[in-house]
Amino acid sequence: MTGQDVIKITDLSVTYSNGHCALDGVNITLHTGTICGLVGVNGAGKSTLFKSIMGFVKPSQGSVKIHGDIAQKALKKNRVAYVPQTEEVDWNFPVLVKDVVMMGRYGHMGFMRIASKADHVAVENALERVGMRAYENRQIGELSGGQKKRVFVARALAQGGDIILLDEPFTGVDIKTEDSLIALFHDLANEGRLILVSTHNLGSVPHFCDEVILINKTVQAYGPVETTFTQENLAKTFGGMLRHHRLIGDDLHDDEDPRGLTVLTDDERPLVLYGEEGGEQIRKLNKKGRKRTT
Amino acid sequence: MIDLLLQPFSYDYMVKAILISALVGGVCAFLSAFLILKGWSLMGDALAHAIVPGVVLAYILALPYAVGAFFAGLLAAGSMAAVKHKTALREDTVIGLIFTTFFALGLLLVSINPTAVNIQAVILGNILAISQSDMVQVTIISVICFAVLALKWRDFMAVFFDESHARSIGLPVTALRIAFFTMLSAATVAALQTVGACLVIAMVVTPGATAYLLTDRFERLIIMACIWGAASSAIGAYASYYLDANPGGLIVCLQTAVFLITIIVAPKYGMARGWFVRRAVRGING
């Protein structure tokens, strides 16, 4: 299910002023209508890749094009919506839920950011969409972790871009909220958006992603989850950074069955692989997961 | 009785003092609404002390004091950024280090040139004896700051709340930050005249802190802070006529008194609400 090319990253390298090279020679083309997972260890360049897509950091080499525009120009057109981690914001800030969502509309407003009728409608629709309409007049600090996430997603929806970047959207939310967020992401992707999600949560990647980027300074593997999210590629990306448990055939069965169970995790929902080599069952797992969430 | 209450208004210097105080108080309060939300309150204090040598030098060289203050403020902010960038010291340590250095430099300059400037006027403020040219400077600074804030407060709010998001919707974040600190320095310079270097911090913190306890909406916070900042400054200047007291001290004491009352009686975040709720709960349980 590949749609139109939206983000075209060519030979991208980013070196910070302190000499640290965060990304080296990244080449990816991302399409609309997909959910793409971005997986890698801390410091592997996930957030630098986000910053490059939003034009916050200058590439030392290569380019990022969004609908053919450079990143800064794409931002002005409100193409890219960003959903930050919950901890990045002061929740005691004296604003209501609807005020936060309204900030997503600022790029559409005039010099003084006076909201028009259309802006109010967009805010209401976005809140409705994430099921937070009833909370629109709450101060943001009164919300639970999952509700805070929804408000940020609503802000991204109100902004109206066809690219949504989510930074670790599942940290600090319960499984129920995670499932409902995943269902929402599926709907948004089906409407022709590109959803790019950075996550530690290896176990949920096969459940909700169509494509996955495995990153460690450079792209280790990129492609459909079924063929890319394999034990071999993960080992290549994470090196020795993953907790790795393998229960081989003798531990599991009394018969001659040679299949083993592999559990991979960095800190959240573990990735479970079952089979002779530990990886061939991933396709089946993915399909099952998909049924559950859509 | 009425005659006695109106008496201060028959003096030109009192009318000027009241109006200028109200103007400066309003602008400082507008800035306070933002400042208290970022943990940058100390920055205001640091700036106020750091501009003292600039003011003294400007007097010695017979330049408008705002020019000296502005460059000293810029230099202080630059040194703070440089020290923070080059060392692993914490921000409060760097602020403490730099602003005392600048303040000491100011005192040193005055002691070398005792006739050039009345240091007491810089440290404690002297709104009742404000000169015509100073008054023009303060008015221009305040009106510009107020206009910029009134037009662009939503942009500043977006930047203060979530800088990454503000950047991602195409706001000029760096320019807005520079604009904010420039206005903070300028308002600090203006407030030197009314309350002096030592008490400037109260002007850019207390009204915002009071309003913060009263509302969950930033728009209302700004309006309340501005009204109260302007009113308290005007009342303080007015009352100083009868008490024969330093207007700066009066203004800040007045602001603090209302803050203390607010802490107790604020409808949602006040302490009284907690007492009543606990009593009601005890009543139900017992």
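Note that the structure is a prediction, hence the values are computed from the model and not measured. (Residues numbered from 1 in each chain as written. Chains lettered and ligands numbered in written order. Predicted model: local features only at pLDDT ≥ 70, side-chain atom pairs only at ≥ 80, totals over all residues. Heavy atoms only, no water.)

A. Molecular detail of the environment of Asn-113 of chain B. All names here are of chain B. Its location among the elements puts Asn-113 in the loop between α6 (91-112) and α7 (119-124). Its relative accessible area of 30% is what places Asn-113 among the partly exposed residues. In this structure the C-alpha to C-alpha distance between Asn-113 and Val-56, which are 57 residues apart in sequence, comes to 9.2 Å. (Helix = DSSP H or I, 4+ residues; strand = E, 2+ residues; numbered from the N terminus. Buried < 20%, exposed > 50% of the residue type's maximum accessible area, 1.4 Å probe, protein only.)

B. Inspection of the packing of helix α5 (residues 65-86) of chain B against helix α10 (residues 173-195) of chain B at higher detail. Residue and element names in this part refer to chain B. Direction vectors running N to C along α5 and α10 enclose 135°, while the axes themselves pass 10 Å from each other. The orientation of α5 relative to α10 falls into the category oblique. Our pair here, α5 against α10, has a crossing hand that is right-handed. For the pair α5 and α10, the contacting residues are Tyr-65, Ala-66, Ala-69 and Phe-70 in the first and Thr-182, Val-189 and Gln-193 in the second. Classifying every residue of the contact of α5 with α10 gives five nonpolar, two polar and no charged. (Axes fitted to C-alpha atoms, helices over the stretch in contact; angles between N-to-C directions. Parallel < 35°, antiparallel > 145°, perpendicular 65-115°, else oblique. Left-handed = near helix turned anticlockwise from the far one by under 90°. Contact = heavy atoms within 4.5 Å. Nonpolar A, V, L, I, M, F, W, Y, C, P; charged D, E, K, R; others polar.)

C. Expanded view of the pattern of salt bridges. Enumeration according to the criterion identifies 17 salt bridges over all chains in this entry. Notably, a salt bridge pairs Asp-99 of chain A with Arg-217 of chain B, separated by 2.6 Å at the nearest N-O pair. Residue Asp-99 of chain A is found in helix α3 (residues 97-103), and its partner Arg-217 of chain B is found in the loop between α12 (206-212) and α13 (218-243); the two belong to separate chains. Neither residue differs from the other here; Asp-99 of chain A and Arg-217 of chain B are each classed as buried. For the salt bridge of Asp-155 of chain B with Arg-113 of chain A, the shortest nitrogen-to-oxygen distance reads 2.6 Å. Here Asp-155 of chain B is found in helix α8 (residues 132-161), whereas its partner Arg-113 of chain A is found in the loop between α3 and α4 (117-129) on a different chain. You can call Asp-155 of chain B buried: its relative accessible area is 2%. You can call Arg-113 of chain A buried: its relative accessible area is 12%. In this structure, a network of salt bridges that share partners links the residues Glu-124, Glu-128, Arg-133 and Glu-136 of chain A. (Salt bridge = Lys/Arg side-chain N within 4 Å of Asp/Glu carboxyl O.)

D. Fine view of the sheet that holds strand β7 (residues 163-167) of chain A. All names here are of chain A. Spatial strand order, β6-β7-β8-β3-β9-β10: six strands in an open sheet with mixed pairing. In this open sheet, the two edge strands, each paired with only one partner strand, are β6 (80-83) and β10 (218-224). Between one strand and the next, the sheet's axes are offset by a mean angle of 15°, whatever the strand orientation. Together, β6 and β7 form the strand contacts of helix α5 (residues 145-159), whose direction differs from that of β6 by roughly 170°. The strands touched by helix α9 (residues 231-238) within the sheet are β3 (34-39), β9 (211-216) and β10, with β9 carrying the most contacts at an inclination of about 30°. (Pairing = 2+ DSSP bridges.)

E. A nonpolar patch on the surface, seen in detail. Residues and elements named next belong to chain B. Residues Met-1, Ile-2, Leu-4, Leu-5, Leu-6, Phe-9, Tyr-242 and Leu-243 make up a contiguous nonpolar surface patch of about 840 Å² in total accessible area. Elements that contribute at least two residues to the nonpolar patch include exactly α1 (2-6) and α13. A total of four residues in the nonpolar patch trace back to one element, the largest contributor, which is α1. Inspection of the secondary structure puts Met-1 in the segment before α1. (Patch = residues over 30% accessible without salt bridge, like charges linked within 9 Å, V, L, I, M, F, W, Y side chains within 5 Å. Areas by Shrake-Rupley, 256 points an atom, 1.4 Å probe, with all protein chains shown as cover.)

F. Focus on the side chain of Ser-21 of chain B. Relative to the helices and strands, Ser-21 of chain B resides in helix α2 (residues 12-35). We classify Ser-21 of chain B as buried; its relative accessible area is 1%.

G. Layout of the interface of chain A and chain B. Between chain A and chain B, the residue contacts involve 33 residues of the former and 26 residues of the latter. Buried surface at the junction of chain A and chain B, both sides included, amounts to about 2700 Å², of which 61% is carbon and sulfur. At the junction of chain A and chain B, the tally comes to 12 residue pairs in polar contact (both at pLDDT 80 or more). Only α2 (71-76), β6, α3 and α5 of chain A provide two or more residues apiece to the side of chain A that touches chain B. It is α3 of chain A that provides the largest number of residues to the side of chain A that touches chain B, a total of four residues. (Buried area = accessible area lost by both parts, 1.4 Å probe. Polar contact = N/O pair within 3.5 Å; in protein donor to acceptor, adjacent residues only side chain to side chain.)

H. Region of the structure containing the packing of aromatic side chains. All names here are of chain B. Counting across every chain of the model gives 23 aromatic pairs over all chains. Taken together, a centroid distance of 5.8 Å and an interplanar angle of 35° make the contact between Tyr-11 and Tyr-241 tilted. One end of the pair, Tyr-11, is in the loop between α1 and α2; the other, Tyr-241, is in helix α13, with 230 residues separating them in the sequence. Using a relative accessible area of 37% as the deciding quantity, one classes Tyr-11 as partly exposed. On the basis of relative accessible area, Tyr-241 is assigned to the partly exposed category, the value being 22%. (Phe/Tyr/Trp six-rings, centres within 6.5 Å; stacked < 30°, edge-to-face > 60°.)

I. Focus on the environment of Phe-185 of chain A. All names here are of chain A. Tracing the chain through its elements places Phe-185 in helix α6 (residues 175-190). In this structure, the C-alpha to C-alpha distance between Phe-185 and Lys-46, residues 139 residues apart in sequence, is 20 Å. Apart from residues lying up to four places away in sequence, Phe-185 is in contact with Ile-35, Val-153, Leu-166, Pro-169, Phe-170 and Ile-195.

J. Here's a closer look at unusual backbone geometry. Although it is not a glycine, Arg-113 of chain A adopts a positive phi angle of roughly 55°. One non-glycine residue, Asp-244 of chain B, adopts positive backbone phi at about 50°. For Asp-244 of chain B, the position within the fold is in the loop between α13 and α14 (247-265). Exposure remark for Asp-244 of chain B: the relative accessible area of 72% places this residue in the exposed category.

K. Layout of the state of the cysteines. All names here are of chain B. Counted under the stated rule, the structure contains zero disulfides over all chains. Summary of cysteine pairing: Cys-198 is not part of a disulfide, and the nearest cysteine sulfur, belonging to Cys-253, is at 14 Å. Taking the relative accessible area as the measure of exposure, Cys-198 reaches 35% and is therefore partly exposed. Looking at Cys-226, it has no disulfide partner, and the nearest cysteine sulfur is the one in Cys-28, 10 Å off. (Disulfide = S-S within 2.5 Å.)

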